[in-house]
Amino acid sequence: MLLSRRHFILRAGVAAAGAGSLSSGFSAQTGGASKTGDKPLLASTWPFGKPANEKALEVLSGGGSLLDAVEQGIRVVESDVANQSVGLSGIPDAAGIVQLDSCIMSGPGHRAGSVASIEGIPHPISAARRVMEQTPHVMLVGDGARQFAIEQGLESVPVESAQKHAAWWAERARERSKAVKPNPPKDIRENHDTIALLALDRDGNLAGGCSTSGWGGKIPGRVGDSPIIGSGLYVDNEIGAAGATGLGENVMRYCGSFLVVEYMRQGLHPEEACVETIRRIARLDPKGFDLSINFVAIDKQGRFGAAGTGQGFQFSITTPARSEVLQSPGLTKADVGPVGGNRK
Ligand code: GLY
């Protein structure tokens with residue numbers, strides 16, 4: 001049975017613990033209180049999303065489709081050789097190989113495509129789009145994804161993963177004491193930024209994409225939230241779209257982007273939806289507030305917002321009238337309330 005918005009808020013505990021701080025600390029600061037916003041609207045994670053947004057707007061302005069805009073925008077970040085967390089310039093896995101994750105989703109038709117642990121393909125977002133448009137599948141991984149991308153005519157570079165991965169595992173077998181810790185050190189977390197780009201066109205249709213090289217130094221084969229539909233990205237053409245960045249392990253156990261969209265479905269502003277998703281995860285998670293997760297969201301009306309567990313999450317917004325990097329509200333433990341409910 002569908003819940004009314006009021007019923008949902010009461011059940012979620014937002015009325016008591018959340019709505020107060022939402023209206024004081026998170027009063028749609030970044031998205032504005034208006035019921036509608038400018039269209040087209042592009043929203044993306046981090047300052048490196050701004051040139052991606054601007055490319056996407058250029059594509060839309062030139063008559064390109066929403067998916068063209070998302071793909072071309074994300075390719076800008078994938079092409080940036082200075083970027084150490086997206087594209088082939090990303091930090092490699094423990095064996096020294098860069099494995100990339102990406103997905104794309106179209107609101108119209110509710111279609112999605114995804115690639116994970118793909119090697120030697122400079123534009124995994126284009127491979128993800130081909131999976132969506134050229135196959136009956138949603139997700140391809142590893143060498144199958146690479147061979148598919150090559151067969152589709154996408155640019156590729158040679159890889160040498162088999163030998164390097166075998167050598168790394170052999171080394172680990174020799175040195176069992178070098179166990180991989182489940183909690184990454186702080187410096188690894190900070191090398192961990194994903195481009196998620198959300199797009200709304202003048203007709204109110206939505207799309208989004210996501211691309212990353214994932215956790216630097218990860219165990220070979222590790223896949224994060226970014227290529228997982230509902231975790232790193234979710235688009236619902238009736239409601240809105242959301243994307244995630246940060247430590248994927250802490251997003252994918254909660255279907256984080258899906259949850260943001262579901263909160264918007266219940267009537268929350270995109271910023272409130274991001275905040276409430278972080279609250280919900282922090283309340284449940286054994287790690288409590290120590291999560292390193294961030295979300296950005298837009299709704300069908302053209303409103304936008306973002307939130308993160310740190311003070312540093314910036315996101316980029318572009319419309320025909322403005323293009324800028326904004327600071328999201330950084331949540332504190334006090335904003336979230338009691339956390340770590342499953343800490344046993
Ligand atoms: N959010 C990117 C990753 O964890 O791989």
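All of the points below concern the structure found in this document. Bear in mind the structure is a predicted one, so any value in this text is a computation, not a measurement.

Next up on the list: the packing of aromatic side chains. This structure, assessed with the given rule, holds five aromatic pairs. Taken together, a centroid distance of 5.0 Å and an interplanar angle of 80 degrees make the contact between W46 and F313 edge-to-face. Here W46 is found in the loop between β1 (41-45) and α3 (49-61), whereas its partner F313 is found in the loop between β10 (304-308) and β11 (314-319), with 267 residues between them in sequence. Overall, F313 belongs to the buried group, its relative accessible area being 1%. Ring centres of Y234 and F258 lie 4.9 Å apart, and the angle between their planes is 75 degrees; on these two criteria the pair is classed as edge-to-face. Here F258 lies in helix α10 (residues 256-265) and Y234 lies in strand β7 (residues 233-236), a separation of 24 residues in the sequence. Looking at F258, the relative accessible area reads 34%, which means it is partly exposed. An aromatic cluster is present here, built from W46, F304, F313 and F315 joined pairwise through their rings.

What follows deals with the sheet that holds strand β3 (residues 111-118). Sheet strands pair by backbone hydrogen bonding; their relative direction is either parallel or antiparallel. An order of β4-β3-β2-β6-β5-β1-β11-β12 is seen for the eight strands of this open sheet, with the pairing classed as mixed. Edge positions in the sheet fall to β4 (139-141) and β12 (322-327), since each has one partner strand and no second. Neighbour to neighbour, the strand axes of the sheet diverge by 10 degrees on average, direction disregarded. In this sheet, strand β6 (residues 206-212) lies alongside strand β5 (residues 195-200) in antiparallel orientation, the contact comprising six bridges. By the bridge assignment, A196 is partnered in β6 with C210. On top of the sheet, helix α4 (residues 66-78) reaches β2 (100-106), β3, β5 and β6; it is set at about 20 degrees to β6, its chief contact.

Parameters and conventions
Position numbers for residues start from 1 in each chain and track the written sequence from start to end. Whole-chain, interface and lining totals are the exception, using all residues; otherwise, since this is a predicted model, local features are given only for residues with pLDDT of at least 70 and side-chain atom pairs are given and counted only at 80 or more. As a rule here, side-chain values cover all heavy atoms of the structure and leave hydrogens and water aside. Any Phe, Tyr or Trp ring, taking Trp's six-membered ring, that has another such ring centre within 6.5 Å forms a pair; planes under 30 degrees apart are called stacked, those over 60 apart edge-to-face, and the others tilted. Helix and strand definitions follow DSSP, with helices as H or I runs of at least four residues and strands as E runs of at least two, each counted in order from the N terminus. Here's how the labels work: a residue is buried when its accessible area is under 20% of the maximum for its type, exposed when over 50%, partly exposed in between, all with a 1.4 Å probe on protein chains only. Pairing between strands is defined by DSSP: at least two bridges between the two strands are required. The axes used here are C-alpha line fits, helices contributing only the stretch in contact, and every angle between their N-to-C directions lies in the interval 0 to 180 degrees. Residue contacts are defined here by distance: any two heavy atoms, one from each residue, within 4.5 Å place the two residues in contact.

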